[in-house]
Amino acid sequence: CCAAYVECLDKMEDVGSVLSEMQNIVSQELKPVTYKWLARQYNIPANLAKKILYQFREQHKGRIITTFLVSGWTKGTSEHV
């Protein structure tokens, strides 16, 4: 518990560099960024990646389009939605 928390705090110090790299990825390379990709790319927990994406969205409100995608399987009929 504590070791993971300390590691997470260490990674938070790098958030500024991640945000600036994301700016390049989104505006120059025109690539979408997901929390899963962000977590894997920077070896950070998924929840931290979500917070970074939220922070990026708030900083660039009105200049970027945010899309939320939800998918899964329905109960009973096992249809993918």
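Residues numbered from 1 in each chain as written. Predicted model: local features only at pLDDT ≥ 70, side-chain atom pairs only at ≥ 80, totals over all residues. Heavy atoms only, no water.

Participant: Account for the overall build of the chain, with residues named and values stated.
Facilitator: The helix and strand inventory of the chain stands at four helices and zero strands. Mapped from its N terminus to its C terminus, the chain presents α and β elements in the order α-α-α-α. Sorting the 81 residues of the chain into buried and exposed places 20% on the buried side. Pairs at least 24 residues apart make up 40% of the contacts formed inside the chain by residues separated by at least 6 positions. (Helix = DSSP H or I, 4+ residues; strand = E, 2+ residues; numbered from the N terminus. Buried < 20%, exposed > 50% of the residue type's maximum accessible area, 1.4 Å probe, protein only. Contact = heavy atoms within 4.5 Å.)

Participant: So what about helix α2 (residues 15-27)? Which residues, and what values?
Facilitator: For α2, which comprises 13 residues, the first-to-last C-alpha distance of 18 Å matches the rise-based estimate of 18 Å (1.5 Å per residue) to within 8%. Taken together, the buried positions of α2 are occupied by Val15, Val18, Leu19, Met22 and Ile25. In a view along the axis of α2, the buried residues occupy a sector of 120°, so they form one face of it. (Expected span 1.5 Å × (residues − 1). Arc of directions from axis to C-beta.)

Participant: So what's going on with the packing of aromatic side chains? Which residues, and what values?
Facilitator: The geometry of two aromatic rings is summed up by the distance between their centres and the angle between their planes. In the structure shown here, the tally under the stated rule is one aromatic pair. An angle of 90° between the planes, with centres 6.4 Å apart, marks the rings of tryptophan 37 and tyrosine 42 as edge-to-face. (Phe/Tyr/Trp six-rings, centres within 6.5 Å; stacked < 30°, edge-to-face > 60°.)

Participant: Which residues make up the side chain of histidine 60, and what are the values?
Facilitator: Relative to the elements of secondary structure, histidine 60 occurs in the segment after α4 (46-59). For histidine 60, a relative accessible area of 12% puts it in the buried group. A polar contact of 2.6 Å, which involves the side chain of histidine 60, links it to the side chain of glutamine 23. (Polar contact = N/O pair within 3.5 Å; in protein donor to acceptor, adjacent residues only side chain to side chain.)

Participant: Can you tell me about the packing of α2 against helix α3 (residues 35-42), naming the residues and giving the values?
Facilitator: As a packed pair, α2 and α3 sit with axes 13 Å apart at the nearest point and diverge in direction by 125°. Here α2 is positioned oblique relative to α3, judged by the angle of their axes. As α2 runs across α3, the sense of the crossing is right-handed. For the pair α2 and α3, contact is made by Val18, Glu21, Met22 and Ile25 and by Trp37, Leu38 and Tyr42, respectively. When grouped by side-chain class, the residues that make up the contact of α2 with α3 number six nonpolar, no polar and one charged. (Axes fitted to C-alpha atoms, helices over the stretch in contact; angles between N-to-C directions. Parallel < 35°, antiparallel > 145°, perpendicular 65-115°, else oblique. Left-handed = near helix turned anticlockwise from the far one by under 90°. Nonpolar A, V, L, I, M, F, W, Y, C, P; charged D, E, K, R; others polar.)

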